[in-house]
Amino acid sequence: MRAFTQHQGLVAPMDRSNVDTDMIIPKQFLKSIKRTGFGPNLFDELRYLDEGKPDQDSSQRPLNPDFVLNQPRYKGASVLLARSNFGCGSSREHAPWALDDYGFRVIIAPSFADIFYNNCFKNGLLPIVLEEKIVDQLFQEAEASEGYKLTVDLEAKTVVTPSGESFGFDVDDFRRHCLLHGLDDIGVTLEDAELIKSYEDQRRQTAPWLFGAGQ
Amino acid sequence: MAGKTLYDKLWDDHLIKQRDDGSALIYIDRHLLHEVTSPQAFEGLRLANRKPWRIDANLATPDHNVPTTDREKGIEGIVDPVSRIQVETLGKNCDEFGILEFKIMDQRQGIVHVIGPEQGATLPGMTIVCGDSHTSTHGAFGCLAHGIGTSEVEHVLATQCLVQQKMKNMLVKVNGQLGKGVTGKDVVLAIIGKIGTAGGTGYAIEFGGEAIQNLSMEGRMTICNMAIEAGARVGMVAVDGTTIEYVKGRPFSPTGDAWDAAVKYWRTLHSDLDAEFDKVVELDGADIMPQVSWGTSPEMVADVTGNVPDPAKEEDPIKREGIERALKYMGLQANQAITDIMLDRVFIGSCTNSRIEDLREAASVVKGRKVAKSLKQAMVVPGSGLVKAQAEAEGLDQIFMDAGLEWRDPGCSMCLAMNADKLGQGEHCASTSNRNFEGRQGFGGRTHLVSPAMAAAAAIAGHFVDVRELLN
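Residues numbered from 1 in each chain as written. Chains lettered and ligands numbered in written order. Predicted model: local features only at pLDDT ≥ 70, side-chain atom pairs only at ≥ 80, totals over all residues. Heavy atoms only, no water.

A.B. asks: Tell me about the overall build of chain A, residues and numbers included.
C.D. replies: Scanning chain A from terminus to terminus reveals eight helices and seven strands. In terms of overall dimensions, chain A has a C-alpha envelope of 65 × 45 × 25 Å along the principal axes. Within chain A, the fraction of its 215 residues that count as buried is 57%. For chain A, the proportion of contacts with a sequence separation of at least 24, taken over those separated by at least 6, is 65%. Per element, the accessible surface of chain A, about 8700 Å² overall, is 47% carbon and sulfur. Both charge centroids of chain A, one from 23 positive and one from 33 negative side chains, sit 4 Å from each other. (Helix = DSSP H or I, 4+ residues; strand = E, 2+ residues; numbered from the N terminus. Buried < 20%, exposed > 50% of the residue type's maximum accessible area, 1.4 Å probe, protein only. Contact = heavy atoms within 4.5 Å. Areas by Shrake-Rupley, 256 points an atom, 1.4 Å probe, with all protein chains shown as cover. Lys, Arg positive; Asp, Glu negative; His and termini not counted. Charge placed at Lys NZ, Arg CZ, Asp CG, Glu CD.)

In structure tokens:
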């Protein structure tokens, strides 16, 4: 996995709460058996005026001029500023894959849905929870000044605005450690293979009905 | 010291290692797989030259992409080549690694959250995961069950474990009795309406109280299925006689001495009387009316006797904007009566409501009646080949077809429209599925979430009606 230490990037404010993973990447694009190539279909139904189909050249499609990511000032944004309960709904990891493929590295919101939040960390994408009033302030600043960038430091657990104002955020130590070092967490778990085996052996004795296939 | 909740017990029984950083290694008893969220995980295994840790913990079936017609053609019947590749890829991966798969022509094929319980592959006390958020369904059996992403699918395949943070405990207690015509679906929609789609975020929810205890396993599964729509990855119901009776005699269920030992353990799977919850929400079952969702989020629900809300009366500006946006997308007017919403299609199916009891409820409403001429389509999609066979043995298929509903083959179907079953732009659908998000059932489609009985009643009327009037 790609490591994440620090990132400075242009901020795109998406002023809508309860953005679900169907909205982030609609179902017709989940038919791919790859992890890449979802970027052109990120927010497909909001971003384009027509109905998107898999394997289509999206560069020729009519854009929705009102959608935030279609505004020239947010071109190249890598920090998504969002509202509460971002990523609710389906567990599809295609949602962080699409955000990542588009070029986002950080998502800031007052709250995230649990499964989406977890999926982000597996893909080098950093979801940051900040208090609602801070997020409100960032929305105002990002909308007021073109080229508004935020600097995110995972080591220091801070988000710093262009004026130098710094906000701390919480992230659990294991996820932070894996992300900072780009660790393969399967490899980390397999370091405990002996523990897993001994747990399993004991369970075969105490709960034998959990083992063996059906008839 | 306070007693343990059901969630505490399940967590403690599967804890392999508590790490200093607050994370924990949890053992997974059962891993269910389907074609959409697994291909990249198998590919990851191959790239890292890893093998599945424990083959017999896995059970797979294709469900999201399968067609609900022409099933005698097997995989060749999948018209969309991209869908076909995904179903073929699941087959190849399961064959390569020796994982049991109920393939498209197998009578045991069906929606992954229907076949697990049906086979007894879902047993009380298990930890169960699947790359699908509706894995919470299995919590109805006193399991710790939740959806995971594809990276975690790979992690479980490779290690039989997950790295988890312990969640907080929430009790949702539904007291008293439910009224006639009020089902598990109405209960869970009412709960989501009350606590909101983020109300359960960070919590494992246990559903309890007299109304839940009186429900069948099908009703409990419907409720746990939609825990995720309240933001909770995990929904659970304590084990009781109903649970044990359901599990008995199924293909994967234990027998003989193992059965007796299992039952003894399963009987402990309930929250202790003195257990403490971080949050408790109570509802009175008698207050719950048949529910209909009017908006684009599962919390946007109303009693069938009620009206679409008026955004002008909402004080919170973000909520007001959400209501306005939803009404625009849904093509509805503020204050419109729910029973005035005209429908184009009716869908009875999905991992929420496609089990035998759901089909019986719907059939009892349409029996001897005819689907409204104004509808373009009304379809019933059973949850598995075995549910289909059972329904046909009971003559339910004939009741549906006589009334003018289509009787289809099993799969996820129009719940998320990855196969050919979908809504056209602007069409209103009474659907027994779980999500009414924009575009969920088809580009521009308008979903209204309801119970099977309410969907059946709506099919007859062509618009929403209070099913209780038809039951009298």
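A.B. asks: For the packing of helix H2 (residues 39-47) of chain B against helix H5 (residues 150-159) of chain B, give the residues involved together with the corresponding values.
C.D. replies: Residues and elements named next belong to chain B. Running from N to C, H2 and H5 cross one another at 50°; their axes reach a closest spacing of 8 Å. Viewed along their axes, H2 and H5 adopt a mutual orientation that is oblique. You can see that H2 and H5 cross each other, and the crossing is right-handed. Seen from H2, the contacting residues are Gln40, Ala41, Phe42, Gly44 and Leu45; seen from H5, they are Thr150, Val153, Glu154, Leu157 and Ala158. Residue classes in the contact of H2 with H5 are distributed as six nonpolar, three polar and one charged. (Axes fitted to C-alpha atoms, helices over the stretch in contact; angles between N-to-C directions. Parallel < 35°, antiparallel > 145°, perpendicular 65-115°, else oblique. Left-handed = near helix turned anticlockwise from the far one by under 90°. Nonpolar A, V, L, I, M, F, W, Y, C, P; charged D, E, K, R; others polar.)

A.B. asks: Give a detailed account of the packing of aromatic side chains, specifying residues and quantitative values.
C.D. replies: All names here are of chain A. Inspection of every chain in the model, using the stated rule, returns 16 aromatic pairs over all chains. Residues Phe112 and Tyr117 carry aromatic rings whose centres are separated by 5.8 Å and whose planes lie at 45° to one another, so their mutual orientation is tilted. Taken together, the aromatic side chains of Phe86, Phe112, Phe116, Tyr117 and Phe121 make up a single cluster linked through ring pairs. Cation over ring: Arg61 sits above Tyr48, and NZ or CZ is 3.8 Å from the ring centre. The lysine or arginine in question, Arg83, covers the ring of Phe139, its NZ or CZ lying 3.8 Å from the ring centre. (Phe/Tyr/Trp six-rings, centres within 6.5 Å; stacked < 30°, edge-to-face > 60°. Lys NZ or Arg CZ within 6 Å of the ring centre and 35° of its normal.)

A.B. asks: Could you give an account of H2(B), naming the residues involved and the relevant values?
C.D. replies: Within H2(B), burial applies to B:Pro39, B:Gln40, B:Ala41, B:Phe42, B:Gly44 and B:Leu45. Of the surrounding secondary structure, the elements contacted by the buried residues of H2(B) are helix H3 (94-102) of chain A together with strand E3 (30-33), helix H3 (81-97) and H5 of chain B. In the stretch just after H2(B), B:Asn49 is the one whose phi turns positive, near 55°.

A.B. asks: Explain the interface of chain A and chain B to me, using residue names and the numbers behind them.
C.D. replies: Taken together, the 63 residues of chain A in the interface contact 75 residues of chain B. Summing both partners gives a buried area of about 5800 Å² for chain A against chain B, and 56% of it is carried by carbon and sulfur. Across the contact surface, chain A and chain B share eight salt bridges. Between A:Arg203 and B:Asp29 there is a salt bridge, with its nearest N and O atoms 3.7 Å apart. Viewed at the interface, chain B and chain A are joined by 32 residue pairs in polar contact (both at pLDDT 80 or more). Put simply, the parts of the chain that give the side of chain A that touches chain B at least two residues each are helix H2 (44-47), H3, helix H4 (114-121), helix H6 (173-181), helix H7 (185-190) and helix H8 (193-206) of chain A. Of all the elements, H8(A) adds the most residues to the side of chain A that touches chain B, at eight residues. (Buried area = accessible area lost by both parts, 1.4 Å probe. Salt bridge = Lys/Arg side-chain N within 4 Å of Asp/Glu carboxyl O. Polar contact = N/O pair within 3.5 Å; in protein donor to acceptor, adjacent residues only side chain to side chain.)

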